[in-house]
Amino acid sequence: MNIKNPAVLPISLGRSTAYLIRGKNGHILVDSGPPGSGKKLLKKLSQEGISPEQISLVVLTHAHLDHSGALEDILKAGGAKLAVHKDEAPALEQEEELHLNPVRPLGRLVKAFIGKKRKKGSSEIKPDLVINKELDLKPFGIKGKVVATPGHTPGSVTVFLQTGEAIVGDLLMGGMLFRRRRPFYPLFASDVKQLERSIRLVLKLKPKLILPAHGGPFTPAQVETKLLQPRRIKRKKARRG
Ligand SMILES: [Zn+2]
Ligand SMILES: [Zn+2]
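No experiment lies behind these values; they were computed from the predicted model shown. (Residues numbered from 1 in each chain as written. Chains lettered and ligands numbered in written order. Predicted model: local features only at pLDDT ≥ 70, side-chain atom pairs only at ≥ 80, totals over all residues. Heavy atoms only, no water.)

### Digging into the sheet that holds strand 8 (residues 144–148)
Then step 1. Ordered by their spatial adjacency, 5 strands build an open sheet running 7-8-9-10-11, and the pairing between neighbours is mixed. At either end of the open sheet lies a strand with only one pairing partner, and these are strand 7 (134–136) and strand 11 (209–212). Strand-to-strand twist in this sheet, taken as the mean axis angle between neighbours without regard to direction, amounts to 20°.
Then step 2. Inspection of the sheet shows strand 8 paired to strand 9 (residues 157–161) by 5 bridges, in the antiparallel sense. Its bridge partner lying in strand 9, G144 is registered against L161. (Pairing = 2+ DSSP bridges. Helix = DSSP H or I, 4+ residues; strand = E, 2+ residues; numbered from the N terminus. Axes fitted to C-alpha atoms, helices over the stretch in contact; angles between N-to-C directions.)

Okay, structure coming up:
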């Protein structure tokens with residue numbers, strides 16, 4: 001399954017995928033990739049004929065390092081504005097990586113291996129726009145909106161495009177090594193109930209395609225069947241105790 005919309009460009013940056021949304025008068029970048037991926041990101045953009053100055057806004061789905069690690073590079077290169085949810089902004093200022101509460105055994109394993117320290121100086125990144133409930137992207141030339149979808153972290157957001165794509169960050173994900181083409185719950189969640197509510201909210205907004213930062217993309221039907229069918233939830237809840 002591929003993204004059919006040429007205005008939505010996935011940019012694979014090793015540990016995570018950022019997305020570029022092309023607009024008529026400027027583009028929006030969703031996430032920046034892990035620390036050290038700035039050069040790769042700028043190179044991939046340039047291969048698409050996009051200069052950093054053409055990016056008017058960077059939307060951060062959440063502050064985890066594999067999404068925010070190269071923010072400084074892209075912001076400095078072109079002067080884009082940064083939009084972050086109000087409940088996520090504090091995490092950006094922390095030197096320690098926050099909200100790594102494993103919800104699956106693999107989460108515990110991965111937690112032991114990932115970098116937990118931000119790059120020195122990254123705490124100087126300040127959002128230009130603080131998202132409360134929603135952010136309309138019309139002023140940035142894109143038909144769509146950013147909606148709060150907490151649960152993976154308190155201030156996680158999803159970018160909905162009128163063309164039907166939902167860029168969900170780590171609200172859900174593909175398999176880490178295998179089965180990247182089926183949806184799983186994320187490895188970490190600050191609030192599992194909130195996470196389930198947010199997945200329901202995303203489906204309620206009737207996207208055509210769900211684009212996570214790891215693996216995917218997925219159809220809403222896949223997400224519904226694999227993550228939200230009552231039997232599965234019950235089983236997961238039981239396991240959680
Ligand atoms: Zn994350
Ligand atoms: Zn991630």
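### Looking at a nonpolar patch on the surface
Then step 1. Residues L106, L109 and M176 make up a contiguous nonpolar surface patch of roughly 240 Å² in combined accessible area.
Then step 2. Examined against the element boundaries, L109 turns out to sit in helix 5 (residues 105–113). (Patch = residues over 30% accessible without salt bridge, like charges linked within 9 Å, V, L, I, M, F, W, Y side chains within 5 Å. Areas by Shrake-Rupley, 256 points an atom, 1.4 Å probe, with all protein chains shown as cover. Salt bridge = Lys/Arg side-chain N within 4 Å of Asp/Glu carboxyl O.)

### Quick word on the coordination of the zinc ion (ligand 1)
Then step 1. Around the zinc ion (ligand 1), the donor atoms from the protein are H62 (NE2), H64 (ND1), H152 (NE2) and D170 (OD), and they sit 2.1 to 2.3 Å away.
Then step 2. Of note is the zinc ion (ligand 1), whose 4 donor atoms meet at the metal with angles of 92 to 164° in an arrangement that counts as irregular.
Then step 3. Of note, the donors binding the zinc ion (ligand 1) are all from one chain and are spaced H-x1-H-x87-H-x17-D.
Then step 4. Metal-to-metal, the separation of the zinc ion (ligand 1) and the zinc ion (ligand 2) is 3.6 Å; D170 coordinates the two. (Donors = N, O, S within 2.8 Å, 3.2 Å for Na, K, Ca; no water. Tetrahedral: all angles 85-135°; square planar, octahedral: opposite > 155°, others 65-115°.)

### Some details on helix 6 (residues 192–204)
Then step 1. For helix 6, which comprises 13 residues, the first-to-last C-alpha distance of 18 Å matches the rise-based estimate of 18 Å (1.5 Å per residue) to within 8%.
Then step 2. Among the residues of helix 6, V192, L195, E196, S198, I199, V202 and L203 are the ones counted as buried. Relative to the axis of helix 6, the buried residues are bounded by an arc of 160° and lie together on one face. Turned more than 90 degrees away from the buried face of helix 6 sit K193, R197 and K204, all of them exposed.
Then step 3. By the N-cap criterion, in which a side-chain oxygen at the helix start approaches the backbone nitrogen of a residue two or three places on, helix 6 is capped by D191, the distance to K193 being 3.1 Å. (Expected span 1.5 Å × (residues − 1). Buried < 20%, exposed > 50% of the residue type's maximum accessible area, 1.4 Å probe, protein only. Arc of directions from axis to C-beta. Polar contact = N/O pair within 3.5 Å; in protein donor to acceptor, adjacent residues only side chain to side chain.)

### A word on unusual backbone geometry
Then step 1. In this structure, P217 follows G216 across a cis peptide bond, with omega equal to 0°.
Then step 2. Positioned with a positive phi, D31 is a non-glycine residue whose angle comes to about 70°.
Then step 3. Position of D31 among the secondary structure elements: in the loop between strand 3 (27–30) and helix 1 (38–47).
Then step 4. On the basis of relative accessible area, D31 is assigned to the buried category, the value being 2%.
Then step 5. The phi dihedral of K206 falls on the positive side, at around 50°, and the residue is not glycine.

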